[in-house]
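Architecture at a glance
Okay, here's what each chain looks like letter by letter:
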Amino acid sequence: ITARGQAERTAAREWRVTANTGGTVGINGDFDGTYEEETGIADLNFDAAFERLERLVPQLVGTVTARGTASRSEESVWQASVETGGTAGVQGQFDGSFDQVSGAAELDLDAVFEGLERFVPQLQGNVSARGRVERSEELTWTASLDTGGSAGISGNFDGRFEEPTGAASLDLDANFERLQRL
């Protein structure tokens, strides 16, 4: 792995960083970011790839890519947006936020996993998931997800978990087509 970059701190106590990674191991990326010491405001942009993913997960042959941004406001709220892709069959869009002060968080996702048969030979095709996961200031998690795709797995899932009490609930309406394949 090789990495090249530059970091600079200005007299106004602001940081600017750029970096590029590469090399023969197949981990490549471009990164740039800024950080203001006085306000805590930060911005990060990245475009990265991991080639020959099968070295870690033999069933996932190819490259996975990730491109996105992350930023932190003066009020200590993080926003992030990430898009995944590549030839390994892992595609998705993920958008989220996290409030460092209150602990509240949100994640919206829209993802497709192609070639499910690589893990379960009887389930050929893809599976998709779209939905939202939230954590409130009161430490309650909620999730609403819809699944589908050509592998014959579909469903609607709504769940809730309360951290202080441990109470949990799940409502689901799921369908598994062609059960005889298993």
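Everything discussed here concerns the structure shown above.
Residues numbered from 1 in each chain as written. Predicted model: local features only at pLDDT ≥ 70, side-chain atom pairs only at ≥ 80, totals over all residues. Heavy atoms only, no water.

1. Considering the sheet that holds strand E4 (residues 42-50)
This is how it is decided: Paired strands are those between which DSSP finds at least two bridges. Secondary structure counts use DSSP, requiring at least four H or I residues in a row for a helix and at least two E residues in a row for a strand, with both numbered from the N terminus. Angular values range over 0 to 180 degrees, each being the angle between N-to-C directions of two axes fitted as lines to C-alpha atoms, with helices fitted over their stretch in contact.
On the basis of which strands lie adjacent, the open sheet formed by twelve strands has the order E1-E2-E3-E4-E5-E6-E7-E8-E9-E10-E11-E12 and antiparallel pairing. With partners counted over all chains shown, the strands left at the sheet margins are strand E1 (2-9) and strand E12 (168-176), one partner each. Averaged over all pairs of adjacent strands, the angle between their axes in this sheet comes to 5°, without regard to strand direction. As judged from the eight bridges shared by strand E9 (residues 127-135) and strand E10 (residues 140-148), these two strands associate in the antiparallel manner. Pairing of Gly 131 across the sheet is with Leu 145, part of E10.

2. A closer look at a nonpolar patch on the surface
Rules: Each patch is built from salt-bridge-free residues with over 30% relative accessible area, joining like charges within 9 Å and nonpolar side chains (Val, Leu, Ile, Met, Phe, Trp, Tyr) within 5 Å. Every accessible area reported is derived by Shrake-Rupley at a probe size of 1.4 Å, with residue values counting cover from the shown protein chains alone. Take a side-chain nitrogen of Lys or Arg and a carboxyl oxygen of Asp or Glu: if they are within 4 Å of each other, that pair is a salt bridge.
Together, Trp 15, Val 17 and Tyr 35 line one region of the surface with nonpolar side chains, adding up to about 250 Å² of accessible area. Topologically, Trp 15 is positioned in strand E2 (residues 14-22).

3. Quick look at the pattern of salt bridges
Using the following cut-off: For each residue, the accessible area found with a 1.4 Å probe, counting protein chains only, is set against the maximum for its type, and the residue is called buried under 20%, exposed over 50%, and partly exposed in between.
According to the stated counting rule, one finds eleven salt bridges in the structure shown. Note that Glu 37 and Arg 9 form a salt bridge whose closest N and O atoms lie 2.6 Å from each other. Taken together, the positions of Glu 37 in the loop between strand E3 (27-36) and E4 and Arg 9 in strand E1 put the pair 28 residues apart, joining distant regions of the chain. Its relative accessible area of 26% is what places Glu 37 among the partly exposed residues. Two residues, Arg 160 and Glu 162, come together in a salt bridge whose shortest N-O distance is 3.4 Å. Judged by its relative accessible area of 40%, Arg 160 is partly exposed.

4. Concerning the pairing of E1
E1 sits mainly on the outside: zero of its eight residues count as buried. Sheet topology places E1 next to E2; eight bridges connect them, and they run antiparallel. Following the sheet pairing, Glu 8 is matched in E2 by Arg 16. Between E1 and E2, which pair antiparallel in sequence order, lie four residues; one of them, Arg 13, sits at a positive phi of approximately 65°.

Any functional reading would require information beyond the geometric quantities listed.
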